[in-house]
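# Topology and contacts: notes
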Amino acid sequence: MTKPPFVLVVGAGQAGLATGYHLRQACIPFVIVDGNDRIGDSWRRRYTSLTLFTPRQFSALPGAIIPGNRELYPTRDEFADYLEVYAGLFNLPLRLNSRVAKLQRSLSGEFEAILVSGEILAATHVVIATGGFQVPLVPKIAAGFGSAVTQLTAETYRDPSSVPDGVVLIVGDGASGRDIAAELASKRPTLLAAGKPRKLFPERFLGKSIWWWLHWSGLMRAPVDSAIGRLMRRTDPFPDRDRNLASLARKGVRLMPRLTEAAGTTAKFSDAGEADIGSVIWAVGYRDDSDWVQIPAAKNPDGSFAHTNGVSPVPNLFFVGRPWQRNRASALIMGAGRDAGAIVKLISERK
Ligand SMILES: Cc1cc2nc3c(=O)[nH]c(=O)nc-3n(C[C@H](O)[C@H](O)[C@H](O)COP(=O)(O)OP(=O)(O)OC[C@H]3O[C@@H](n4cnc5c(N)ncnc54)[C@H](O)[C@@H]3O)c2cc1C
């Protein structure tokens with residue numbers, strides 16, 4: 001006789017909470033565990049001035065709008081607090097301060113999650129919702145800077161007081177790198193090293209948020225392996241909220257090409273230019289923290305999680321919130337509910 005399902009959801013960010021919402025609707029028993037002691041802390045730990053790039057109408061989970069002007073953008077703390085209220089609103093069973101140190105399969109084929117406290121939780125199904133932007137990448141080149149250069153990442157940077165006086169170099173011109181450069185430009189001599197040329201899309205078009213158009217045209221839901229999906233993935237556009245290179249230059253940011261070498265306090269660039277710097281902020285992306293998952297088939301050789309559309313090759317193991325899990329929306333708030341619904345449907349069909 002097969003055991004009735006009991007789902008362990010690891011991670012109580014938007015992906016885990018949306019999964020909880022759908023499990024509740026499907027009457028499947030579950031618990032959500034999170035290593036943090038407060039819901040929303042993955043947002044509260046990001047830089048203080050962070051304002052979401054998705055307006056409120058596209059920053060909500062199923063069943064609860066985010067109050068306020070739907071065309072405008074929630075702040076970091078506003079969204080973190082929304083998540084906290086959301087968990088209470090649907091009375092989601094939560095265990096905070098409960099980091100999973102090890103996830104393994106038991107002899108009976110079920111899952112055992114060993115918490116840092118040593119407690120063991122058993123589950124028939126597991127949904128990993130631990131986020132796609134976990135460990136900031138620091139490239140090997142960083143080792144070339146001497147101890148006189150303060151090194152931060154987009155995760156350890158809080159506000160301009162995090163950065164000592166002197167020239168600061170931000171490496172990476174994604175949304176975070178550009179936000180941080182714009183914020184620092186009036187406080188410190190600021191350089192921004194860009195990589196591949198990026199396309200930014202206009203913030204609004206014909207009176208509507210660009211997200212409205214992307215959503216209603218179906219582009220956000222274009223499958224990851226479709227021609228449009230592949231194009232979106234390659235270009236990875238984000239909205240231009242006064243963060244195009246020309247407007248950053250007007251704010252005083254000095255635009256540099258790719259960083260190619262670091263030597264002591266000298267940064268060298270692909271155009272043979274050099275700059276003497278006092279600090280560097282790495283904003284070049286993230287990697288997964290998957291060491292705690294001790295099921296070899298759950299991971300690719302590079303340590304990233306293996307899955308197709310959120311379904312692991314390991315039976316009864318699933319993901320929600322992976323970047324490009326099914327489409328561009330998957331790692332965004334607007335995609336969490338839909339992806340969670342699809343995974344919970346699979347769990348209920350297989351129970
Ligand atoms: C700087 C930045 C800005 C962004 N802005 C936007 C935006 O404007 N709009 C938008 O739609 N998206 C945005 N995103 C993308 C995405 O919405 C966020 O990254 C969001 O936090 C992802 O939610 P999540 O639930 O998947 O993961 P997270 O919010 O990272 O939550 C994962 C949770 O899992 C827990 N956890 C991890 N490992 C374990 C473990 N072993 N045991 C127990 N718990 C564990 C963590 O404590 C955490 O609470 C942004 C991302 C970044 C990095």
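Residues numbered from 1 in each chain as written. Predicted model: local features only at pLDDT ≥ 70, side-chain atom pairs only at ≥ 80, totals over all residues. Heavy atoms only, no water.

Partitioning the protein chain into structural domains gives domain 1 (7-134 + 288-350) and domain 2 (137-199 + 237-282). For domain 1 and domain 2, the distance between their C-alpha centroids amounts to 31 Å. Taken together, the contact pairs 13 residues of domain 1 with 13 residues of domain 2. Roughly 990 Å² of surface becomes buried between domain 1 and domain 2 when both sides are summed, with 41% attributable to carbon and sulfur atoms. Looking at the side of domain 1 facing domain 2, the largest losses of area belong to Tyr-47, Thr-48 and Phe-53, adding up to 53% of the total buried there. (Domains from an automatic or database assignment. Contact = heavy atoms within 4.5 Å. Buried area = accessible area lost by both parts, 1.4 Å probe.)

Relative orientation of the contacting elements helix α1 (residues 14-25) and helix α3 (residues 76-89) amounts to 25°, with a least axis distance of 11 Å. Here α1 lies roughly parallel to α3, going by the angle between them. Between α1 and α3 lies a crossing whose hand is left-handed. Residues Gln-14, Leu-17 and Tyr-21 of α1 form the contact with α3, whose participating residues are Phe-79, Leu-83, Tyr-86 and Ala-87. Split into classes, the residues belonging to the contact of α1 with α3 amount to 6 nonpolar, 1 polar and no charged. (Axes fitted to C-alpha atoms, helices over the stretch in contact; angles between N-to-C directions. Helix = DSSP H or I, 4+ residues; strand = E, 2+ residues; numbered from the N terminus. Parallel < 35°, antiparallel > 145°, perpendicular 65-115°, else oblique. Left-handed = near helix turned anticlockwise from the far one by under 90°. Nonpolar A, V, L, I, M, F, W, Y, C, P; charged D, E, K, R; others polar.)

With respect to the helices, strands and loops of the structure, Ser-247 is situated in helix α7 (residues 245-250). Sequence spacing of Ser-247 and Ala-182 is 65 residues, and the spatial spacing of their C-alpha atoms is 9.0 Å.

The full count for this structure, using the stated rule, is 14 aromatic pairs. Between the aromatic rings of Phe-53 and Trp-211, the centroid separation amounts to 6.0 Å while the plane-to-plane angle is 25°, which identifies the pairing as stacked. In this pair, Phe-53 sits in the loop between α2 (41-44) and α3 while Trp-211 sits in helix α5 (residues 210-216), placing the two residues 158 residues apart along the sequence. Their ring planes at 45° and their centres at 6.0 Å tell us that Tyr-82 and Tyr-86 sit as a pair that is tilted. A residue pair is termed a helical-turn pair when its members lie 3 or 4 positions apart in one helix, as Tyr-82 and Tyr-86 do in helix α3 at 4 residues. For Tyr-82, a relative accessible area of 8% translates into the label buried. Residue classification places Tyr-86 among the buried positions, given a relative accessible area of 1%. Three or more aromatic residues link up through ring pairs in this structure, and these residues are Tyr-21, Trp-43, Phe-79, Tyr-82, Tyr-86 and Phe-90. Positioned above the aromatic ring of Trp-43 is the side chain of Arg-46, whose terminal nitrogen or guanidinium carbon lies 4.6 Å from the ring centre. (Phe/Tyr/Trp six-rings, centres within 6.5 Å; stacked < 30°, edge-to-face > 60°. Buried < 20%, exposed > 50% of the residue type's maximum accessible area, 1.4 Å probe, protein only. Lys NZ or Arg CZ within 6 Å of the ring centre and 35° of its normal.)

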